[in-house]
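So you can see what is in the structure, the chains are spelled out below.
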Amino acid sequence: MEAQKFLGPKAKELVERDRKVVSPSYPRGYPFVMDHGKGVYVWDVDGNKFLDFAAGIAVNSTGHSHPAVVKAIQDQAEKFIHISSDFYHENWIELSEYLNRIAPFEEDAVVFATNSGTESMETALKLARYHTGRSQFIAFLGGFHGRTHGSVTLTASKPHYHRGFYPLMNGVTHIPFPDPYRPVLQMNPGEDVGDAVIRYLEESIFAHLLPPQDVAGIIIEPIQGEGGYVVPPAGFFPKLRELCTRYGILLIADEVQSGVGRTGKWWAIENFGVEPDIITTAKGIASGVPFGAMIARKSVTTWKKGSHGNTYGGNPLACAASLETLKLIDGGYLQNAAEVGAYCLEKLTQMQTRHTSIGIVRGIGLMIGIEFVKDRATREPAEKLRDVIVDRAFEKGLLTLGCGGSTIRVSPPLCITKSEIDEGLAILEEAISSAENAG
Ligand SMILES: Cc1ncc(COP(=O)(O)O)c(C=O)c1O
């Protein structure tokens, strides 16, 4: 790995110690060893400063160690750290009320608090089966939903998530995601890629393989995250919603990466004008304290006492951090994500005209993907080039993360300013030029 050269003495020592005792399964890229962070900046243990366009995989929504979030956690820690989900506490109730207010459906929402994205997904799978009495699910190629047994069965972004782990959960059928840049299905005249996916589901899957009456839920990221920050065409979701309603299938939006203000709306699905039945969230919801939720329509939440639970659900530290996070997002970062995100997308679109290796730039709000190609005409993915750019950006002081086959994601904290975007994009462009010139 190129960026290994950049390791400072303290970072080098820690990476060596880590290698001996930390599971080798983590998909680490370059060796950033964190010391501390503030706002959109982070420092490593050797004193190097970086601008953070990754936000801990789209998690540090309010920036690093926002003083209001830190204070909320500190105040709560002094009162009590844990009591278990067998009991009640006010912040948990207030947080659930808040999530009910911002849930992307008119109907009242009921919240199940979790500790991670994957647990939110497992909860959604169980509730969907319980409520509908059906066993089957439909998910999308390129999707990412987590790594525990149920959620990893839904995940279809890379085969290594499944390799060595079969048999997976029973009852999941994958279909192509409507990726306008890389459509898998042939489109009929007048159709877009979204129409082709809906037609495939009806004419190929339901007509030949899977009775829709046995399908409990269709699980989809409104914008694919790990799969490459892929935005579906505008008309796709209304058609998917109509199909779900027609067959009594629950529409389950995985908002773990795309939600909590990242796209300039509370939930990415709101950009497409439809109401899901269940959403799952985690990541940005508590500024980095492990927390998540499954938020379902009240009419869907029909499970009975004792049918599902957990020890840490509604953890007091996480609830305090989450409440403060939601207030900060409401208080300005939501608007900021929309404005600065649009600015960033425009700057990247201009950058695309200067670099033929950029095949496409796409995204909504501060969820933006830059996909690199070997050749714009063939769209052949330039995975190696992307990896070198990520390493070079790191060496020049910018944290980024790859996703999909050859995409770099821009997912900074939602508090980032336009001038910080300019600073980051200047570093990124230097990294792109240097990687292109290297061959
Ligand atoms: C869309 C989506 N769903 C689910 C997950 C799983 O979340 P976690 O890693 O917290 O289990 C992720 C994580 O990247 C995600 O991006």
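Residues numbered from 1 in each chain as written. Predicted model: local features only at pLDDT ≥ 70, side-chain atom pairs only at ≥ 80, totals over all residues.

## Observations regarding the overall build of the chain
This is how the line gets drawn: Helix numbers and strand numbers start at the N terminus; a helix is a DSSP run of H or I with at least 4 residues, a strand a run of E with at least 2. This radius of gyration counts C-alpha atoms alone. The globule rule is 2.2 Å times how many residues there are, raised to the power 0.38. Our exposure labels follow a C-beta count within 10 Å of each residue's own C-beta, placed from the backbone: buried means 20 or more other C-beta atoms, exposed means 12 or fewer, and partly exposed covers the counts in between.
Looking only at helices and strands, one finds eleven helices and 16 strands in the chain. Computed over its C-alpha atoms, the radius of gyration of the chain comes to 21 Å, within 12% of the 22 Å expected for a compact globule of 439 residues. Judged by the C-alpha coordinates and their principal axes, the chain covers about 65 × 55 × 45 Å. Out of the 439 residues in the chain, the part that is buried amounts to 49%.

## Side note on the nonpolar core
Note the threshold: Throughout this description, the term nonpolar core refers to a group of buried Ala, Val, Leu, Ile, Met, Phe, Trp, Tyr and Cys residues whose C-beta atoms join them within 7 Å. Where each domain begins and ends follows an automated or database-derived domain assignment. Remark: residues whose backbone-derived C-beta atoms lie within 7 Å of one another are considered to be in contact.
Membership of the largest hydrophobic core comes to 121 residues, with the highest contact counts inside it found for Ile218, Leu250, Ile252, Ile278, Ile295 and Leu398. Looking at this core, the element that brings in the most residues is helix α9 (residues 316-354), giving 14 residues. Both domains that meet at this core, namely domain 1 (2-65 + 333-438) and domain 2 (67-329), each give it at least three residues. When residues no more than four places from it in sequence are discounted, the contact partners of Ile252 are Ala124, Ala128, Gly217, Ile218, Ile219, Pro276, Asp277 and Ile278.

## Here we look at the site of the ligand
Keep this limit in mind: To decide nearness, the C-beta atom of each residue is placed from the backbone, and the residue is near a molecule or strand if that atom lies within 6 Å of it. Any residue outside Ala, Val, Leu, Ile, Met, Phe, Trp, Tyr, Cys, Pro, Asp, Glu, Lys and Arg is labelled polar, Gly included; the first ten of those are nonpolar and the last four are charged.
Lining the immediate environment of the ligand, one finds 15 residues, of which Gly117, Thr118, Gly146, Val256 and Gln257 sit closest. Element by element, the count of residues in the shell around the ligand is highest for helix α5 (residues 117-132), at three residues. A breakdown of the residues in the shell around the ligand according to their chemical character gives five nonpolar, seven polar and three charged.

## Description of the sheet that holds strand β8 (residues 250-254)
Using the following cut-off: Pairing between two strands is assigned when DSSP locates at least 2 bridges connecting them. In this analysis an axis means a line fitted to C-alpha atoms, helices contributing only their contacting stretch, and an angle means the value between N-to-C directions, from 0 to 180 degrees.
Read from one edge of the open sheet, seven strands run β4-β10-β9-β8-β7-β5-β6, paired in mixed fashion. Edge positions in the open sheet fall to β4 (109-114) and β6 (172-175), since each of these has one partner strand only. Each adjacent strand pair in this sheet contributes to an overall mean axis angle of 20°, direction not counted. Bridging between strand β5 (residues 136-140) and strand β7 (residues 215-220) involves three bridges; their strand directions are parallel. Note on β7: the bridge partner recorded for Ile138 is Ile218.

## Some remarks on the domain arrangement of the chain
Buried accessible area, meaning the area lost when the parts come together, often serves as the stated size of an interface. Per the domain assignment, the segments making up the chain are domain 1 (2-65 + 333-438) and domain 2 (67-329). For domain 1 and domain 2, the distance between their C-alpha centroids amounts to 25 Å. Facing the 30 residues of domain 1 at the interface are 27 residues of domain 2. For the side of domain 1 that touches domain 2, the secondary-structure elements that each account for two or more residues are α2 (55-58), α9, β11 (358-364), β12 (367-375) and β16 (407-410). Here the element with the most residues in the side of domain 1 that touches domain 2 is α9; it accounts for five residues.

## A word on the packing of α9 against helix α11 (residues 418-438)
Definition in use: The labels follow the angle: roughly parallel below 35 degrees, roughly antiparallel above 145, roughly perpendicular from 65 to 115, and oblique for the rest. Should the near helix be turned anticlockwise from the far one by less than a right angle, the crossing is termed left-handed; should it be turned clockwise, right-handed.
It is the contact of α9 with α11, at a shortest axis distance of 10 Å, that shows an interaxial angle of 25°. Between α9 and α11, the angle is such that the two are roughly parallel. Considering the relative orientation of α9 and α11, their crossing is right-handed. Across the interface between the two elements, Val340, Tyr343, Cys344, Lys347 and Met351 of α9 pack against Lys418, Ile421, Leu425 and Glu429 of α11. By residue class, the composition of the contact of α9 with α11 is six nonpolar, no polar and three charged.

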